[in-house]
2 protein chains.
Amino acid sequence: MDSIDMKKALQEYVDAFNAGDLDRLMSLFADEARVEDPVGTPPKIGIKEVEAFYAESLSGGSKLELLVSPRGSYGNAATITFAVYAQLEDHSIRIDVTDVMTFDSDGKIISMQAYWGPDDMQKL
Amino acid sequence: MDSIDMKKALQEYVDAFNAGDLDRLMSLFADEARVEDPVGTPPKIGIKEVEAFYAESLSGGSKLELLVSPRGSYGNAATITFAVYAQLEDHSIRIDVTDVMTFDSDGKIISMQAYWGPDDMQKL
């Protein structure tokens, strides 16, 4: 999978997320996918845990806004840098995030790591 | 090392790089640092190889422009997303990059991975 194809998959990730389409989003992931969001917390392991995680995100109406172009690599990983807009209890929040995604030989996402810390979340 | 301190170290990385100050830049790295730039190519391992790599970058007058705020995490890693402006042979180039940096218990950079692919470099 070359760098351009990885970026296309990441754009599709953003578009599927923003469409609120869980099936479309999950079709991008491998069965053995591992999602660590945020980095430094226990990962979701396997497609069932990953799907439960995204189902909750989508049900809250969260949206992603890409802030710069995706970055590829000479390996099997690429990144997106974005803001997430979400509801937390009774207020709106923005979280500033960079995701690093790794792809398997079938072009599916095998690993997602979301970099954001406590100071990357702000009330709006 | 908390998320805010990691971001301060990354801002200092950018400032030291743009000042062309190799000693100041290298003081941020652990002796056993590993630098993979770009991801998917053989890493520079140990402070001597890392210093040689940065000495070459700085001698060419490359500059970094942060494009969004650094991202922290709940672990020991943080990211910066930027453009590098450099000279390649007789023309100017821009490379769009995201660096993931991991810190050791002394607050030094133990690992740097630079995500950019062939399609992230453009002639200006």
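Residues numbered from 1 in each chain as written. Chains lettered and ligands numbered in written order. Predicted model: local features only at pLDDT ≥ 70, side-chain atom pairs only at ≥ 80, totals over all residues. Heavy atoms only, no water.

Draft legend 1. Local environment of helix H1 (residues 3-18) of chain B. Residue and element names in this part refer to chain B. Look at H1: 23 Å from first C-alpha to last across 16 residues, which is about the 22 Å you get at 1.5 Å a residue. Two or three places before Ile4, at the start of H1, stands the capping residue Asp2, its side-chain oxygen 3.1 Å from that residue's backbone nitrogen. Gly20 sits one or two positions beyond H1 and adopts a positive phi of about 70°. (Helix = DSSP H or I, 4+ residues; strand = E, 2+ residues; numbered from the N terminus. Expected span 1.5 Å × (residues − 1). Polar contact = N/O pair within 3.5 Å; in protein donor to acceptor, adjacent residues only side chain to side chain.)

Draft legend 2. Structural view of the interface of chain A and chain B. The partner chain B presents 30 residues to the 30 residues of chain A that form the contact. Regarding the contact of chain A and chain B, the summed buried area is about 2,200 Å², with carbon and sulfur atoms giving 60% of it. Among the residues of chain A in contact with chain B, A:Arg71, A:Tyr74 and A:Tyr115 are the three that bury the most area, contributing 31% of the side total. At the boundary of chain A and chain B, one finds six salt bridges. Measuring nitrogen to oxygen at the nearest pair gives 2.4 Å for the salt bridge that ties A:Asp120 to B:Lys7. Across the chain A-chain B interface, the total number found is 21 residue pairs in polar contact (both at pLDDT 80 or more). Counting residues per element, the ones that place at least two in the side of chain A that touches chain B are helix H1 (3-18), strand S4 (77-88) and strand S5 (91-103) of chain A. (Contact = heavy atoms within 4.5 Å. Buried area = accessible area lost by both parts, 1.4 Å probe. Salt bridge = Lys/Arg side-chain N within 4 Å of Asp/Glu carboxyl O.)

Draft legend 3. A look at the relation of the copies chain A and chain B. At an RMSD of 0.0 Å, chain A and chain B line up after a rotation of 180° and a shift of 0.0 Å along the axis. In the structure described here, the two chain copies are related by an operation that fits a two-fold rotation axis. The residues that chain A uses at the interface reappear at the interface of chain B in 100% of cases, marking a shared surface. (Least-squares fit on C-alpha atoms with pLDDT ≥ 70 in both.)

Draft legend 4. Focus on helix H3 (residues 47-59) of chain A. Residue and element names in this part refer to chain A. In a regular helix each residue adds 1.5 Å, so 13 residues correspond to 18 Å; H3 covers 18 Å between its end C-alpha atoms and thus fits that length. If you follow the buried residues of H3, they end up packed against H1, helix H2 (22-26), strand S1 (29-36), strand S2 (44-45) and strand S6 (109-115). At the exit of H3 stands Gly61, carrying a positive phi of roughly 80°.

Draft legend 5. The confidence of the model for chain A, seen in detail. Mean pLDDT for chain A: 97, with 100% of residues reaching 70 or above. Confidence estimates for the predicted assembly give a pTM of 0.96 and an ipTM of 0.95. (pLDDT = per-residue confidence, 0-100.)

Draft legend 6. Representation of the packing of aromatic side chains within the structure. All names here are of chain B. This structure, assessed with the given rule, holds 13 aromatic pairs over all chains. Residues Tyr13 and Tyr54 carry aromatic rings whose centres are separated by 6.0 Å and whose planes lie at 80° to one another, so their mutual orientation is edge-to-face. Of this pair, Tyr13 sits in helix H1 while Tyr54 sits in helix H3 (residues 47-59); the two residues are 41 residues apart in sequence, bridging distant segments of the chain. For the pair formed by Tyr13 and Tyr54, the shared burial category is buried. (Phe/Tyr/Trp six-rings, centres within 6.5 Å; stacked < 30°, edge-to-face > 60°. Buried < 20%, exposed > 50% of the residue type's maximum accessible area, 1.4 Å probe, protein only.)

Draft legend 7. Region of interest: the pairing of strand S1 (residues 29-36) of chain B. Examined bridge by bridge, S1(B) and strand S6 (residues 109-115) of chain B share four bridges and lie parallel to one another. Its bridge partner lying in S6(B), B:Val35 is registered against B:Met112. (Pairing = 2+ DSSP bridges.)

Draft legend 8. Expanded view of the environment of B:Val97. Mapping B:Val97 onto the fold places it in strand S5 (residues 91-103). Owing to a relative accessible area of 3%, B:Val97 belongs among the buried residues under this scheme. For the pair formed by B:Val97 and B:Ala114, sequence separation is 17 residues and the distance between their alpha carbons is 6.4 Å. For B:Val97, the residues in contact, after removing those within four places along its chain, are A:Arg71, B:Ile80, B:Thr81, B:Phe82, B:Val84, B:Ala114, B:Tyr115 and B:Trp116.

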